[in-house]
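Close look at the chain arrangement
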Amino acid sequence: MKLRKFFSMLIVSGLVASSLAGCGSAGKTTGGDAAGTQKTSENGKKGPNGETLASEQIAHGMQFHVVTFDTAQVGDSESGSFFLATCEGLFRENNGVLENTGCEKYEISEDGLTYTFHLRKNKWSDGKEVVASQYKDAVERVLNVDLACPYAFFAFPIKNAENYYNGKCGFDEVGVEAVDDYTLKFTLEAPEPYFIDKLAYTMFDPIRVDNIEKYGDTYGTDAMQTLSCGPYMVQEYTASQSTVLVKNPEYWDAENVFLDEIDLQQVDETATQFQLFEAGQLDFVAASGDYLKKWDQAASEGKCQLYTDGDVASQFFEFNTQESCPSGLMQNAKVRKAVAYTLDSQTFIDSVYNSRYTAAYGLVTPNIKVGDKEYRTEVAEPIKDEYNEYANNPEKLQALFHEGLKELGKDTDDLSTITIQFLGYGESTIEKDIEQYVVQRIQDNLGIKVDLNIVGDFGLANAAQLAGEFDICMQVWGADYNDPMTFIDIFRTGGGSNYGKYSSEKYDQVLDQLSKEQDNDKRLKLYGEAESILIKDDAAIKPLLYRDKHSYINNRLHGFQYPVFGGKYEFKYAYIVEE
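This report concerns the structure included in the present document. (Residues numbered from 1 in each chain as written. Predicted model: local features only at pLDDT ≥ 70, side-chain atom pairs only at ≥ 80, totals over all residues. Heavy atoms only, no water.)

Some details on the overall build of the protein chain
- A count of helices and strands for the protein chain gives 17 helices and 21 strands.
- Taken over the C-alpha atoms alone, the protein chain extends approximately 80 × 60 × 45 Å along its principal axes.
- Considering only contacts within the protein chain whose residues lie at least 6 apart along the sequence, 70% involve residues at least 24 apart.
- For the protein chain, the centre of its 53 positive side-chain charges and the centre of its 92 negative side-chain charges are spaced 2 Å apart. (Helix = DSSP H or I, 4+ residues; strand = E, 2+ residues; numbered from the N terminus. Contact = heavy atoms within 4.5 Å. Lys, Arg positive; Asp, Glu negative; His and termini not counted. Charge placed at Lys NZ, Arg CZ, Asp CG, Glu CD.)

As structure tokens, this is what we get:
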């Protein structure tokens, strides 16, 4: 989960702290460390690349909009960022490469079914040891069907995990074993090429059952309940306002954690964020629209660091495919396709994001691989050609819409009598542009009405999605690991993040084939089939764009990372240099 998933990817949140450091004057226009003038600080300490460290190691950044403080329930990248800071799983991404962190080493059996991990000695923030049974407990919690964990299916490749989830066996038959305190073993149903990548995900982080039992039903609702086994621990937290994280002295690699404190505060308006960044009161900020040109120029002049990179996040409209949707029409694929093809990817990008990002006609982003082949260069986007047949052709779109209405027995000569509901989140400038775009494109092309249901609180918006209170809504999905399955399995029947309740026996059958297929060329073909069923045949979603990363970092902040997978931000390797 790389980016914050769903609605929160549509806005840029920022923050300000009351007492902040100034902005440096030297930097590079790259995502790497900026070179600055080194001076001897009071403490004389050096950074990992020989830089002189500032005496005060406090970074100021953007508030985490955390959905849950329960690792088993994490399904968004900002909650993932919180746990990157406070938890240590078996692996941690460092500059795009998975490093052994919670484990010192591991072995994979020749048949690809057994993974044995030798754990590193680490402690929780209360001084207790991190042991193998706590990783096993995490798997059991995720597979507790009563908790309805959104990523439970991640564990299904483990032997008997899906059977246990469905009540067909006991947990003692599931293929996860704490051999001893520092040896953990997984046994799979069938080889899975990306299993190691999945183990880096938050749901597989160790948990403390005693701490969960202490808080009972309220566990996961308050950051202050969190026990840390990662580089930082929570000192203060106020939802939608501020977070203070401090260095965890019990962490196994505390010696190489330089930041003593991370102060996160919230400011909603993009203009205010950049004012604070310019004043040196923010250490990093993301940009779009008119800010890109100005701050790219500032970076080229060495006033800050520019971080740019391709992303693995896909933005799309999703339809509620159930008969119970507000309009009662979106259960029909032709109705969905007619609405979908009014929504042009390039005009959306031009209207909402000032021509930033890349128009998408598929779900899986560039940079995702199958083996050593990039998926998007091997498999054509499924609707690019067909979309062009309907683009800017209201008569053809309305004819398709009428066909769908007839199949539902609800055709009418007056399409203005039909209303569909768009579920939106927030009142930012970008959100308002999205709402205006949706209304204008659908009404102009189809002649139907669009009712806007704008929810300001993310929790309420997420609840509305879960309840199916929409005909169409915006989604963003960031990849959790480097394989197309991270996108494709969202829409399996009954999936926890399948908000439109899309269900296709044909689609599920392709996913079942993929779970058993080891030949990468055959897997490429199967992924293409699944994508085509989802987007072209059934029009369950309408792809919009592939996102990128374009952010600015204060010259004083080095080693700060934007992970490819997992959370949005990685602070473990960050440090402040003397200016």
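And the narrative resumes.
Focus: the packing of helix α6 (residues 270-278) against helix α7 (residues 291-300)
- For the pair α6 and α7, the least separation of the axes is 13 Å and the interaxial angle reads 10°. Relative to α7, the element α6 lies roughly parallel. Together, T270, A271, F274, F277 and E278 of α6 and Y291, K294 and W295 of α7 make up the contact between the two elements.
- By residue class, the composition of the contact of α6 with α7 is five nonpolar, one polar and two charged. (Axes fitted to C-alpha atoms, helices over the stretch in contact; angles between N-to-C directions. Parallel < 35°, antiparallel > 145°, perpendicular 65-115°, else oblique. Nonpolar A, V, L, I, M, F, W, Y, C, P; charged D, E, K, R; others polar.)

Things to note about the sheet that holds strand β9 (residues 242-247)
- Reading across from one edge, β1-β10-β9-β8 is the order of the four strands in this open sheet, with mixed pairing throughout. Of all strands in the sheet, those bounded by a partner on one side alone are β1 (58-62) and β8 (232-238). Adjacent strand axes in the sheet meet at a mean angle of 20°, parallel and antiparallel pairs treated alike.
- By the bridge criterion, five bridges tie β1 to strand β10 (residues 261-265) in an arrangement that is parallel. Across the sheet, the residue bridging to A59 is I262, located in β10.
- Along the sheet, helix α1 (residues 77-86) makes contact with β8 and β9, crossing β8 at roughly 135°. (Pairing = 2+ DSSP bridges.)

A look at the packing of aromatic side chains
- This structure, assessed with the given rule, holds 50 aromatic pairs.
- For the ring pair F82 and F83, a centre distance of 5.1 Å and an interplane angle of 85° mean the geometry is edge-to-face.
- Overall, the relative accessible area of 1% leaves F82 in the buried class.
- With a centroid separation of 5.7 Å and an interplanar angle of 75°, the aromatic rings of Y502 and Y507 are classed as edge-to-face. Of the two residues, Y502 and Y507, neither departs from the other in class, the shared state being buried.
- Cluster of aromatic residues (ring-pair linked, three or more members): F64, F284, Y307, F560, Y562, Y569 and F571.
- The aromatic ring of W252 is capped on one face by R120, whose charged end is 3.9 Å from the ring centroid. (Phe/Tyr/Trp six-rings, centres within 6.5 Å; stacked < 30°, edge-to-face > 60°. Buried < 20%, exposed > 50% of the residue type's maximum accessible area, 1.4 Å probe, protein only. Lys NZ or Arg CZ within 6 Å of the ring centre and 35° of its normal.)

Description of the sheet that holds strand β7 (residues 183-187)
- Across the sheet, which stays open at both edges, the four strands sit in the order β4-β5-β7-β6 with antiparallel pairing between neighbours. Looking along the sheet, the strands with just one partner apiece sit at the ends: β4 (103-108) and β6 (176-180). Ignoring strand direction, the axes of neighbouring strands in this sheet form an average angle of 20°.
- Here strand β5 (residues 114-119) pairs with β7 via five bridges, running antiparallel. The residue of β7 that forms the bridge with H118 is T183.
- Together, β5, β6 and β7 form the strand contacts of helix α2 (residues 132-142), whose direction differs from that of β6 by roughly 170°.

Overview of the environment of T358
- Looking at the element boundaries, T358 is found in strand β13 (residues 358-359).
- Residue classification places T358 among the partly exposed residues on the basis of a relative accessible area of 47%.
- For the pair T358 and D457, spaced 99 residues apart in sequence, the C-alpha to C-alpha distance is 29 Å.
- Apart from the residues lying within four places of it in its own chain, the contact partners of T358 are I349, L544, L545 and Y546.

Regarding the pattern of salt bridges
- Evaluated as defined, the whole model comprises 20 salt bridges.
- Note that E386 and K337 form a salt bridge whose closest N and O atoms lie 2.9 Å from each other. Linking E386 in helix α11 (residues 384-390) with K337 in helix α8 (residues 333-340), this pair joins segments that are 49 residues apart in sequence. Each member of the pair, E386 together with K337, is buried.
- Of the charged contacts, one joins R523 and D483 as a salt bridge, the two residues approaching to 2.5 Å between their closest N and O atoms. Taken as a pair, R523 in helix α17 (residues 520-537) and D483 in the loop between β18 (472-478) and α15 (485-488) lie far apart in primary sequence, 40 residues in all.
- Residue classification places R523 among the buried residues on the basis of a relative accessible area of 2%.
- Here the salt bridges do not stand alone but share partners, grouping D126, K128, R208 and D210 into one network. (Salt bridge = Lys/Arg side-chain N within 4 Å of Asp/Glu carboxyl O.)

A word on the nonpolar core
- Ranked by internal contacts, the top residues of the largest apolar core, which has 143 residues, are L90, F117, I158, F186, F348, F401 and F571.
- Among residues more than four places away in sequence, those in contact with F401 are L329, V335, A338, V339, L415, I418, L446 and I448.
- Grouped together as the second largest cluster of nonpolar side chains are 14 residues, F274, L276, F277 and L306 included. (Core = buried A, V, L, I, M, F, W, Y, C linked by side-chain atoms within 4.5 Å.)

Topic: the side chain of N94
- For N94, the position within the fold is in strand β2 (residues 91-94).
- On the basis of relative accessible area, N94 is assigned to the buried category, the value being 16%.
- Side chain to side chain, N94 and E99 meet in a polar contact 3.0 Å long.
- Leaving out residues up to four positions away in the same chain, N94 has contacts with E99, Q561 and Y573. (Polar contact = N/O pair within 3.5 Å; in protein donor to acceptor, adjacent residues only side chain to side chain.)

Points about the environment of F186
- Position of F186 relative to the elements: it lies in strand β7.
- Sequence separation between F186 and T116 is 70 residues, and the spatial gap between their C-alpha atoms is 6.5 Å.
- Apart from the residues lying within four places of it in its own chain, the contact partners of F186 are L90, L113, T114, Y115, F117, V139, I158, G175, V176, F195 and L199.

A short note on the pairing of β5
- Looking at chain direction, β4 and β5 are connected through five bridges and run antiparallel. Considered in β5, the bridge of I108 is made with Y115.
- Where β4 hands over to β5, the hairpin turn is made up of five residues, of which G112 adopts a positive phi near 75°.

With respect to the environment of G75
- For G75, the location among the structural elements is in the loop between β1 and α1.
- What makes G75 buried here is its relative accessible area of 11%.

Concerning the state of the cysteines
- Applying the stated rule across the entire model yields zero disulfides.
- Its sulfur unpaired, C169 is 17 Å from the next cysteine sulfur, which belongs to C149. (Disulfide = S-S within 2.5 Å.)

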